[in-house]
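Each chain, written out:
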Amino acid sequence: MSNSFLEIKGVSKKFGNIVALDNINLDISKSELFSLLGSSGCGKSTLLRIIAGFEKPDSGSIILDGEDITNLPPHLRPLNMMFQNYALFPHLNISQNIEFGLKEENLPKNEILERTREILNLLELTGLEKRKIYEISGGQQQRVALARCLVKKPKLLLLDEPFAGLDQAESSKLIKLLFNIKKNMPILLIEHDMEAVFALADQISVLNEGEIIESGSVEK
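Because the structure is predicted, anything quoted here is derived from the model rather than measured.

Draft legend 1. Quick look at the overall build of the protein. In terms of helices and strands, the protein carries 6 helices and 10 strands. A compact globule built from 220 residues would reach a C-alpha radius of gyration of about 17 Å, and the protein, at 17 Å, matches this within 12%. Across its three principal axes, the protein shows a C-alpha extent of roughly 45 × 40 × 35 Å. For the protein, the proportion of contacts with a sequence separation of at least 24, taken over those separated by at least 6, is 66%. Here the protein displays about 11000 Å² of accessible surface, and carbon together with sulfur accounts for 48% of that area. Of the side chains in the protein, 25 bear a positive and 30 a negative charge, and the two mean positions are spaced by 7 Å.

Structure, rendered in structure tokens:
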């Protein structure tokens, strides 16, 4: 039996005549942060969207924690994806943004409050709960988006260019946060910031024109 937590088996995807992914095979263990590298248009985001359920592969399968999730709709997959544009609700304050998914699941009010408090503390957002999204910095907005993912306690976290647009101070803070998070949750990361990738990643695969051309572990 495979020890992989996430198995990507023979995944291929075309958009018209364009081959986005060509027979991708990856194994990701439960105790690692895995990074996908490659230039724009190489297929990284397509693969992430297929894992999240926002795109369907033409062939192949996605196995998460022993369960075939290839045909599951996104809201039924035990994972969360943080989008590059954060996709926050501007009319809601920080707490309301974080609580949104928990309320959709009809969890008890006391559990929602407790989980929200915990994640606000973890991501150093305590004291900002009542602020609207436009009242906080870009780095703080990014941590709210991350908090909204983590508060649902997913089995897998998908991150699409989380360091884009952050200054050095915010990038350093995010590296520290993700380093702690990955101890308890596998993370699949798409990122161009090589410094962040080599500080965080345990395994790296390089994509080029829809194919994996190199894979390896990162020496710490």
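Draft legend 2. Spotlight on the packing of helix H4 (residues 138–150) against helix H5 (residues 168–181). At a minimum axis separation of 11 Å, H4 and H5 run at an interaxial angle of 15°. Between H4 and H5, the crossing angle belongs to the class labelled roughly parallel. For the pair H4 and H5, the crossing hand works out as right-handed. Between H4 and H5, the contacting residues are Gly 139, Gln 140, Gln 142, Arg 143, Leu 146 and Leu 150 on the first element and Glu 170, Lys 173, Leu 174, Leu 177, Leu 178 and Ile 181 on the second. Of the residues that constitute the contact of H4 with H5, the class distribution is 6 nonpolar, 3 polar and 3 charged.

Draft legend 3. Highlighting the packing of helix H2 (residues 94–104) against helix H3 (residues 109–122). As a packed pair, H2 and H3 sit with axes 10 Å apart at the nearest point and diverge in direction by 130°. With respect to their mutual orientation, H2 and H3 come out oblique. Where H2 crosses over H3, the handedness of that crossing is right-handed. On the side of H2, the interface is formed by Ile 94, Ser 95, Ile 98, Glu 99, Leu 102 and Lys 103, while H3 contributes Ile 112, Leu 113, Arg 115, Thr 116, Ile 119 and Leu 120. A class-by-class count of the residues in the contact of H2 with H3 yields 7 nonpolar, 2 polar and 3 charged.

Draft legend 4. Expanded view of H2. If you check which residues of H2 are buried, you get Ile 94, Ser 95, Asn 97, Ile 98, Glu 99, Gly 101 and Leu 102. Taken together, the buried residues of H2 touch H3 and H4. Between the side-chain oxygen of the N-cap and the backbone nitrogen of Ser 95 there are 3.2 Å, and the N-cap of H2 in question is Asn 93. In the segment just after H2, Asn 106 is the residue with positive phi, at about 60°.

Draft legend 5. Spatial organisation of the environment of Arg 143. As for its placement among the helices and strands, Arg 143 is situated in helix H4. Through-space distance from the C-alpha of Arg 143 to that of Gly 127 is 14 Å; in sequence the pair is 16 residues apart.

Draft legend 6. Spatial organisation of the sheet that holds strand E6 (residues 79–82). In space, the 6 strands of this open sheet follow the order E6-E7-E8-E3-E9-E10, with mixed pairing throughout. For this open sheet the edge positions go to E6 and strand E10 (211–217), each flanked by a neighbour on one side alone. Across the sheet, the mean angle from the axis of one strand to that of its neighbour is 15°, orientation sign disregarded. When strand E9 (residues 203–208) meets E10, the two strands line up antiparallel, connected through 6 bridges. Bridging from a neighbouring strand, Ser 205 pairs with Ser 215 of E10.

Draft legend 7. Fine view of the sheet that holds strand E5 (residues 67–68). The strand order across the open sheet formed by 4 strands is E2-E1-E4-E5, and the pairing between neighbours is antiparallel. Looking at strand neighbours, the two that pair on one side only are strand E2 (18–28) and E5, the edges of this open sheet. Bridging between strand E4 (residues 59–64) and E5 involves 2 bridges; their strand directions are antiparallel. Residue pairing across strands places Ile 63 opposite Asp 68, the latter belonging to E5. Together, strand E1 (6–15), E2 and E4 form the strand contacts of helix H1 (residues 44–52), whose direction differs from that of E1 by roughly 120°.

So, how was this worked out
- Residues numbered from 1 in each chain as written.
- Predicted model: local features only at pLDDT ≥ 70, side-chain atom pairs only at ≥ 80, totals over all residues.
- Heavy atoms only, no water.
- Helix = DSSP H or I, 4+ residues; strand = E, 2+ residues; numbered from the N terminus.
- Rg over C-alpha atoms; globule rule 2.2 N^0.38 Å.
- Contact = heavy atoms within 4.5 Å.
- Areas by Shrake-Rupley, 256 points an atom, 1.4 Å probe, with all protein chains shown as cover.
- Lys, Arg positive; Asp, Glu negative; His and termini not counted.
- Charge placed at Lys NZ, Arg CZ, Asp CG, Glu CD.
- Axes fitted to C-alpha atoms, helices over the stretch in contact; angles between N-to-C directions.
- Parallel < 35°, antiparallel > 145°, perpendicular 65-115°, else oblique.
- Left-handed = near helix turned anticlockwise from the far one by under 90°.
- Nonpolar A, V, L, I, M, F, W, Y, C, P; charged D, E, K, R; others polar.
- Buried < 20%, exposed > 50% of the residue type's maximum accessible area, 1.4 Å probe, protein only.
- Polar contact = N/O pair within 3.5 Å; in protein donor to acceptor, adjacent residues only side chain to side chain.
- Pairing = 2+ DSSP bridges.

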